[in-house]
Amino acid sequence: YLWEGECMSFWDTLLDLMGTVKNKESKIGSLGEIAFEVSNYDRILTLDNYSKSISANYAEHEVIGSKPLLEFTGAKLQTISFDIRISSYLGYNPRSQMAKLIEYCEQGAILTFILGDGPIGENKWIIESISEKAEQFLGNGEILSCVASVSLKEYIEDEVKADENN
């Protein structure tokens, strides 16, 4: 076990490495109302394994006696995936954070995804899927820490629908 002084020293070092100033917090970004942050108030919620995928669609036209020709037909929707470590030890209730992510996914919420000082991409995002891996439990079965794996898909607003609403 670490003594309280050693534990605080660890957190102070971590906060210094993350570029925070004592008694302040560092906002890493957000997904809807879920804020990713590091603060010296023992609240840490960060992203791991961030990955963004960008690809294109091509039609393939058969040519007799030759290889097919490709025709660019447009960009595919971008996707992003990442893990979120949610821990009671780090100031977040895994059950309530997972409930918010699940609500976003099952309700089809259209979200702004921000990292650093601005939104990611030109469009908003939907949560395409979530998986939860519980890591630690209390004796009563309550989850103490988990990792949520989140997959986002780019959301393109229907311009016809948007014009009808104006």
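Fair warning: this is a prediction, and the values are worked out from it, not measured in the lab.

**Q** Tell me about the sheet that holds strand 10 (residues 124-137), and name the residues and values.
**A** Sheets are built from strands paired through backbone hydrogen bonds, the pairs being either parallel or antiparallel. A sheet is described by the order of its strands in space; here 4 strands give the open sequence 4-7-11-10, paired in antiparallel fashion. Two strands bound the open sheet, and with one partner strand each, they are strand 4 (47-53) and strand 10. Direction aside, neighbouring strands of the sheet carry axes that sit 15° apart on average. Across 9 bridges, strand 7 (residues 79-87) lies against strand 11 (residues 143-155) in antiparallel orientation. Counterpart to Ser87 in the pairing with strand 11 is Ser145. Those strands touched by helix 2 (residues 94-107) are strand 7, strand 10 and strand 11, and its axis lies near 150° from that of strand 10.

**Q** Explain the pairing of strand 10 to me, using residue names and the numbers behind them.
**A** Of the pairings in the sheet, the one linking strand 10 to strand 11 comprises 12 bridges and is antiparallel in character. From the neighbouring strand, Ala134 faces strand 11, where its bridge partner is Cys146. In this antiparallel pair of consecutive strands, strand 10 and strand 11, the connection spans 5 residues, and Gly141 shows a positive phi of 90°.

**Q** Lay out the environment of Gly121 with the relevant residues and their values.
**A** Relative to the helices and strands, Gly121 is located in the loop between strand 9 (118-119) and strand 10. Looking at Gly121, the relative accessible area reads 37%, which means it is partly exposed.

**Q** Quick rundown of the side chain of Ser87? Include the residues and the values.
**A** Topologically, Ser87 is positioned in strand 7. The class for Ser87 is buried, based on a relative accessible area of 5%. Among the polar contacts made by the side chain of Ser87, one reaches the main-chain amide nitrogen of Tyr89 at a distance of 3.1 Å. Those residues in contact with Ser87 that lie beyond four places of it in its chain are Tyr92, Pro94, Leu144 and Ser145.

**Q** How would you sum up the nonpolar core? Please name residues and give values.
**A** Ranked by size, the top nonpolar core spans 23 residues in total, and within it Leu31, Phe36, Phe82, Ile84, Leu101, Phe113 and Leu152 carry the most contacts. Those residues in contact with Ile84 that lie beyond four places of it in its chain are Phe36, Leu45, Thr46, Leu47, Leu101, Cys146, Val147, Ala148 and Val150.

**Q** So, the packing of aromatic side chains: which residues are in play, and what are the values?
**A** Under the criterion given, the structure shown has 4 aromatic pairs. Between Tyr50 and Phe113, the aromatic rings sit 6.5 Å apart at their centres with planes inclined by 25°, giving stacked as the arrangement. Placement of the pair is Tyr50 in strand 4 and Phe113 in strand 8 (residues 113-115), with a sequence separation of 63 residues. Look at Phe82 and Phe113: their rings are 5.3 Å apart centre to centre, the planes differ by 10°, and that puts the pair in the stacked class. Highlighted residues: Phe82 in strand 7 and Phe113 in strand 8, separated in sequence by 31 residues. For Phe82, a relative accessible area of 2% corresponds to the buried category. Three or more aromatic residues joined by ring pairs make a cluster, and in this case those are Phe36, Tyr50, Phe82 and Phe113. Of note, Arg43 hangs over the ring of Tyr92, and the distance from its end group to the ring centre comes to 4.2 Å.

**Q** Explain the pattern of salt bridges to me, and be specific about the residues and the numbers.
**A** Per the counting criterion, the structure on display carries 5 salt bridges. A salt bridge links Glu37 to Arg43; its shortest N-O distance comes to 3.3 Å. Take Glu37: its relative accessible area is 4%, and that puts it in the buried class. Across the salt bridge formed by Glu128 and Lys153, the nearest N and O atoms sit 3.2 Å from each other.

Definitions and limits used
- Residues numbered from 1 in each chain as written.
- Predicted model: local features only at pLDDT ≥ 70, side-chain atom pairs only at ≥ 80, totals over all residues.
- Heavy atoms only, no water.
- Pairing = 2+ DSSP bridges.
- Helix = DSSP H or I, 4+ residues; strand = E, 2+ residues; numbered from the N terminus.
- Axes fitted to C-alpha atoms, helices over the stretch in contact; angles between N-to-C directions.
- Contact = heavy atoms within 4.5 Å.
- Buried < 20%, exposed > 50% of the residue type's maximum accessible area, 1.4 Å probe, protein only.
- Polar contact = N/O pair within 3.5 Å; in protein donor to acceptor, adjacent residues only side chain to side chain.
- Core = buried A, V, L, I, M, F, W, Y, C linked by side-chain atoms within 4.5 Å.
- Phe/Tyr/Trp six-rings, centres within 6.5 Å; stacked < 30°, edge-to-face > 60°.
- Lys NZ or Arg CZ within 6 Å of the ring centre and 35° of its normal.
- Salt bridge = Lys/Arg side-chain N within 4 Å of Asp/Glu carboxyl O.

None of this, on its own, says anything about what the molecule does.
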